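One letter stands for each residue in the lines below.
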Amino acid sequence: MDNSVRVLSTLALKGAVARVAAAYQAASGVRIDADFAPTLALLERLRGGETADLVILTREGLDEMTGEGRVARKSVVDLARSYVGVAVKAGAAHPDIASEAALRAALLGARAVAYSRLGASGILFAQLIARLGIAEAVNARAVIIPAGFTAERLVSGEADLAIQQISELKQIDGVEIVGPIPLGLQTPAVFSAGRMVASERAAAADHLLRYLASADVAPVLRATGLEP
C-alpha cells in the first residue's frame, strides 16, 4: 500500500485541498489522493460501495453517512462555511445583486444563467427562483449542468451569469465574482469531514482531519472563498 490517504471531497473544497496537498506531504510524508464531485454524487458512490479513508461533504451529507454507519461519528469535524455567489466573465459588467429585487431583475435580464443540478448551490438556487416566482422564465434560458463548475459556461460564452458556491466559482480562470446572493435569501452551507469506518489507515486519516481543521489551513480556506 502506498503512503497516501484516499479522500473523497465535495467540489467546494477542491481549491483548498489542492493548495495544501504539497505542503502536507512535505511535512508528513503522506500524499493526499483526492477525488472531487458534488456531495449528492459522492453519497451515491459511497452507497454503491466505493471506499475512501476520509470524506468531505456538506454537514447534512456527512450526517447521513454517520447515520448509516459509514463514517465514524466521533471523527467528524466542521471545516468551513460557504455562501452561494454570482460570477460573470472577466471584463463583463457586474449586475446589481445587493437586494432581492435587484437579484430578481439581474436574473431576468440575463441572456442565460448557469447552475448545477446536483450541488448544494443548485438545489438552493432552484428553490430560490421558485420562491421569487421566476423559475419558468429563468429555466427557459438556463444552462443547467449535471455536475462540475458552472463558471466554465461563462468562459465558453454559453451563459453570462453563473451561480455556485463562491469557492467553486473561484476555481475557474477568466471570471469575476460579483458577490454573494443576498445573505437573507440563503443559508450558508457547512462542509465537514470524517473518517470512514472501513478505512485501513485510520491514524493517517485522523492526522489529516486534524490538519484540515487547524489554524494553519484557515488562511487557505479564506483565500479560496470559504469561511473557516
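Predicted model only: the values in this text are computed from it and were never measured.

**Notes on the layout of surface pockets**
Stage number 1. Here the largest pocket defines a volume of roughly 340 Å³.
Stage number 2. In terms of lining, the largest pocket is formed by 20 residues, of which the most central are Thr58, Glu60, Ala120, Ile123 and Ala189.
Stage number 3. Among the elements of the structure, α2 (39-47), α3 (59-67), α5 (120-131) and β10 (189-195) are those that each provide at least two residues to the lining of the largest pocket.
Stage number 4. For the lining of the largest pocket, the per-class residue count stands at ten nonpolar, seven polar and three charged.
Stage number 5. Considered as a void within the structure, the second largest pocket measures approximately 160 Å³ in volume.
Stage number 6. Counted by class, the lining of the second largest pocket contains four nonpolar, three polar and five charged residues.

**Digging into the sheet that holds β10**
Stage number 1. Ordered in space as β2-β1-β3-β10-β4, the five strands form an open sheet in which the pairing is mixed. In this open sheet, the two edge strands, each paired with only one partner strand, are β2 (31-36) and β4 (77-82). Strand-to-strand, the axes of this sheet are offset by a mean angle of 20°, without reference to chain direction.
Stage number 2. As defined by bridge partners, strand β1 (residues 4-9) adjoins strand β3 (residues 54-58) across three bridges and the pair is classed as parallel. Opposite valine 7, over in β3, you have leucine 54 as the bridge partner.
Stage number 3. In this fold helix α9 (residues 202-212) packs onto β1, β2, β3, β4 and β10, with an angle of close to 155° to the strand it touches most, β10.

So, how was this worked out
Here the residue numbers are simple positions, counted from 1 along each chain's written sequence. Since the coordinates come from a predicted model, pLDDT governs what is reported: local features require at least 70, and pairs of side-chain atoms require 80 or more to be given and counted, while whole-chain, interface and lining totals use all residues. Side-chain descriptors were evaluated using all non-hydrogen atoms of the structure, hydrogens and water having been removed beforehand. The way it works is a 1 Å grid over only the protein atoms, where trapped points that fit a 1.4 Å probe form a cavity and open points with protein on both sides within 12 Å along at least five of seven lines form a pocket, and then any residue with an atom within 4 Å of a point lines it. Grid points are joined across faces, edges and corners, and a volume is the space filled by probe spheres set on the points. A run of H or I in DSSP becomes a helix once it reaches four residues, and a run of E becomes a strand once it reaches two; helices and strands are each numbered from the N terminus. Under the convention adopted here, Pro, Cys and the residues Ala, Val, Leu, Ile, Met, Phe, Trp and Tyr are nonpolar, Asp, Glu, Lys and Arg are charged, and Gly plus all remaining residues are polar. At least two DSSP bridges between two strands are needed for those strands to be called paired. Helix axes are fitted to C-alpha atoms over the stretch in contact, other axes to C-alpha atoms as well, and angles between N-to-C directions run from 0 to 180 degrees. In what follows, residue pairs with any heavy atoms lying within 4.5 Å of each other are defined as contacts.

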